[in-house]
Amino acid sequence: MTWFAWRQFRSQALVVFGLLVAVAVVFLITGPHFASLFHDLKTCRAKGDCESITSSLTSGQDTYFPFAQAFSLLLPALLGLFWGAPLVARELESGTYRLAWTQGVTRKRWISTKLAVVGAASMLAGGLMSWMLTWWASPIDTVNADRFSSLVFDTSYIAPIGYAAFAFALGVTAGVLWRRTLPAMATTLAFYVAVRVPFFHFIRPHLLTPVRQIRSLKNVGNIGFERTPNGLSFIAGDTNLPNSLNFSSSVVGDHGGEVTRQWLRDHCRSMLQQVPPNPGKGVKVTTGIRPEAFTECVDKITAAFHQVLLYQPANRFWTFQWIETAIFLVLAVLLGGLTYWWVRRRIA
Amino acid sequence: MTSALLAVDLGKRYGRKWALSGCTLDIPTGHVVGLVGPNGAGKTTLLHLAVGLLSPSSGSLMVLDEAPASSAEQLGRIGFVAQDTPVFENLSIATHLQMGAALNPKWDEQLAQQRILELGLDPNQRAGRLSGGQRAQLALTLAIAKRPSLLLLDEPVASLDPLARREFLATLMEVVAEHEVSVILSSHLVADLERVCDYVVVLASARVQVNGEIENLLSTHHRLVGSRRDLDNLPESAHVIEVSHTDRQTTAIVSSADPILDPSWSVEEMTLEDLVLAYMGQAEEQRRVLLRSNGGAK
């Protein structure tokens, strides 16, 4: 049965694995270039002038990355649509189930072999694409230092194996329930998106309790003031946590409360007096403020306030990858079980 | 004694509609059985139940003394040719044979190869490009090369032209003669069955109307023609299947184990077609009566 499951699947398999070979060729041609740029970047940091190298890295990113990431992001859905949905539906639709299920092989074995062969191929395809992208993009991922972003997390490492298994099982289940390929494909796409997008937005960030860190504002870069219609307000931007998943950073006083305008009026009078009332558009907020006054105010804030960070630290990346992969594999197994039962008990 | 098919009060329901109900049959092995009835009578349902594509809603069914599709071994003993003879359109004839070899333990490769050769088919041709007759022959080849004990064929010749139809049935008869195989084949045309069958099951209105060896049935069914009258003075064992009156004459079709001795009847022999039509007519009449009484109850 394994041979026949593969034989029926062969031409569909060739299309997808052919595409993956094409991707591999593109990656092999462009990959070493990125790697050497990255190497230059590491050595140039010692000398100082890295701007041109960084810009060629990021411009390369602009040319190739959207396609590579989009393909890796879409691949599981494509597998669900073109491998999963027709797997049983096409047999039911064309009537060939009457031929297939009356050979000397039980329906139990027929469906489990099909699920195993094409399911394994789906995971292989998803994993292969992810592995190639992970290798190819590693220089840029290192520069960007944003591994939790969905374009990296969802397209690289091991999670795509889980997505591929899930999408495939979803497609088969939809096909079995609809008994027709086309509506099954539409349903597969709709459900796949309906699971993945909310998962990424609402579930993944809370799979583990985020870390809450209180730290001195002295370590924070990018401190300053922002002009609002009601006057100046304090900002502390840079969290300086590479590769982490940041939820919020806020500035909280020792006894609670934020840096209010009232507080600024009470403590930074000398600085506020130097702010021009109507600087006009495009004029820097700090224009007209003497550095001493600025520093004095910042020091006062630093003494009375802290930065409170809520985030998933970078070292949890692999934990998140494993959890997410496992969740989608479990979903795939549940859907596969439903399909198995339905084909045995409910069809015809 | 093995039964090819043993059904007890077998029924299959789709939603509220019974496609087959109260079907009790015991067909011995060693026959070529014609399963005949109008379209929608439940023939396909019965065959799909027999091969395990469907499971019964009521009653029980044994095929060659085992529950249908209960094991790979059981499936291997049944050759099935489904209606419209489905094949895998994208796969070649050779691949179909490879499939048969891979999936059936008793596969007879030599028989399969030889049949394809005799049919003059190119093994590399895609099954989707075969004519209806060729496709039916391929489907039959796949079923036969399993070396089954029982062949089930669902309207195998319905979509074939007269020549292809004759060739198909001729092949079937060769197979029956060469290998000891029981056959159940369905058709809505009696003419197809008359040539090849020695046993008949008449299905109409989702029920078995009559079944038995054709020879026995024909010898126990009579057409009576006589002057117009009521039907009395018939033997105890006689059942009236159909009766019609004209102004002067009464014609009746009766089944009777005893001979009809009343000399006022002229007793005529019946053909299989007469018999089948009489039972179908009876089923139709019963259905109308049932509809009328249901309508009256409302």
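What counts, and where the lines are drawn
- Sequence order sets the numbering: in each chain, residues are counted from 1 along the sequence as written.
- Chain labels run from A onward and ligand labels from 1 onward, assigned in the order the entries are written.
- Residue-level local features of this predicted model are given only where pLDDT is at least 70; pairs of side-chain atoms are given and counted only at 80 or more, and the full residue set underlies all totals for whole chains, interfaces and linings.
- Note on conventions: DSSP H or I runs of at least 4 residues are helices, E runs of at least 2 residues are strands, and numbering of each starts at the N terminus.
- For the exposure call, what matters is how many other C-beta atoms sit within 10 Å of a residue's own: 20 or more marks it buried, 12 or fewer exposed, and in between partly exposed, using C-beta atoms placed from the backbone.
- Each domain span listed reflects an automatic or database assignment of domains.
- What counts as a contact is two residues whose backbone-derived C-beta atoms lie within 7 Å of each other.
- Under the grouping applied here, Gly and all other residues not named as nonpolar or charged are polar, the nonpolar ones being Ala, Val, Leu, Ile, Met, Phe, Trp, Tyr, Cys and Pro and the charged ones Asp, Glu, Lys and Arg.
- For two strands to be treated as a pair, DSSP must find at least two bridges joining them.
- In this usage, the nonpolar core is the set of buried Ala, Val, Leu, Ile, Met, Phe, Trp, Tyr and Cys residues whose C-beta atoms join them within 7 Å.
- Angles here are taken between N-to-C directions and fall from 0 to 180 degrees, while the axes themselves are lines fitted to C-alpha atoms, restricted in helices to the stretch in contact.

Assigned secondary structure in chain B consists of 9 helices and 13 strands. Along the first, second and third principal axes, the C-alpha set of chain B runs to 70 × 40 × 40 Å. Buried positions account for 41% of the 298 residues belonging to chain B.

Let us now look at the domain arrangement of chain B. All names here are of chain B. On domain assignment, one finds that chain B holds domain 1 (3–204) and domain 2 (216–297). Taking only C-alpha atoms into account, the centre of domain 1 sits 33 Å from that of domain 2. Facing 8 residues of domain 1, the contacting portion of domain 2 comprises 7 residues. Counting only elements with at least two residues in the side of domain 1 that touches domain 2, the list comes to helix H7 (190–196) and strand E8 (199–204). Residue contributions to the side of domain 1 that touches domain 2 peak at 3 residues, all from E8. A breakdown of the residues in the side of domain 1 that touches domain 2 according to their chemical character gives 6 nonpolar, 1 polar and 1 charged.

Counting residues at the interface gives 17 residues for chain A, matched by 23 residues for chain B. Elements that contribute at least two residues to the side of chain A that touches chain B include exactly helix H1 (2–47) and helix H3 (97–100) of chain A. Considering every element that reaches the side of chain A that touches chain B, the biggest residue donor is H1(A), with 3 residues. The class makeup of the residues in the side of chain A that touches chain B is 7 nonpolar, 7 polar and 3 charged.

According to the domain assignment, chain A contains domain 1 (2–206 + 317–346) and domain 2 (211–240 + 245–312). In this structure, domain 1 of chain A and domain 2 of chain A have C-alpha centres spaced 45 Å apart.

Before going further, it helps to spend a moment on the environment of Gly52(B). Residue and element names in this part refer to chain B. Topologically, Gly52 is positioned in the loop between helix H1 (43–51) and strand E4 (58–63). Residues Gly52 and Val87, spaced 35 residues apart in sequence, show a C-alpha to C-alpha distance of 19 Å. Apart from residues no more than four positions distant in its own chain, Gly52 is found in contact with Pro68 and Ala69.

Mapped onto the fold, Pro105(B) is located in the loop between helix H3 (93–103) and helix H4 (109–118). Each C-alpha atom, one on Pro105(B) and one on Gly281(B), is 45 Å from the other, the two residues being 176 residues apart in sequence. Filtering out sequence-adjacent residues up to four positions away, Pro105(B) remains in contact with Gly104(A) and Gly76(B).

The next thing to look at is the pairing of strand E10 (residues 221–227) of chain B. Residue and element names in this part refer to chain B. Here E10 pairs with strand E12 (residues 249–255) via 7 bridges, running antiparallel. When the sheet's bridge partners are listed, Val225 is paired in E12 with Thr251. Sheet analysis places E10 next to strand E13 (residues 266–268), joined by 3 bridges and oriented antiparallel. Bridge pairing in E13 places Val225 opposite Ser266.

In terms of nonpolar packing, the biggest core is built from 144 residues, with Ala164(A) and Leu152(B) touching the most fellow members. Ignoring any residue separated from it by four or fewer positions in sequence, one finds Ala164(A) in contact with Leu75(A), Pro76(A), Leu79(A), Ser122(A), Met123(A), Ala125(A) and Gly126(A).

Another aspect to go through is the sheet that holds strand E2 (residues 17–28) of chain B. Residue and element names in this part refer to chain B. Read from one edge to the other, the open sheet built from 3 strands follows the order E2-E1-E4, with strand pairing classed as antiparallel. Each of the sheet's edge strands pairs with one partner strand only, and the pair in question is E2 and E4. Across the sheet, the mean angle separating the axes of adjacent strands is 20 degrees when strand polarity is ignored. For strand E1 (residues 3–14) and E2, the ladder comprises 8 bridges, and the chain directions are antiparallel. Note on E2: the bridge partner recorded for Leu6 is Asp26.

Turning to the sheet that holds strand E6 (residues 150–154) of chain B, a few remarks are in order. Residue and element names in this part refer to chain B. Pairing is mixed across the open sheet formed by 6 strands, whose spatial order is E5-E6-E7-E3-E8-E9. Because the sheet does not close on itself, it has two edges, and the strands there are strand E5 (78–81) and strand E9 (207–213). The average undirected angle you get between the axes of adjacent strands in this sheet is 15 degrees. As paired strands, E8 and E9 are joined by 6 bridges and run antiparallel to one another. Along E9, the bridge assignment pairs Val201 with Asn211. Together, E5 and E6 form the strand contacts of helix H5 (residues 132–144), whose direction differs from that of E5 by roughly 170 degrees.

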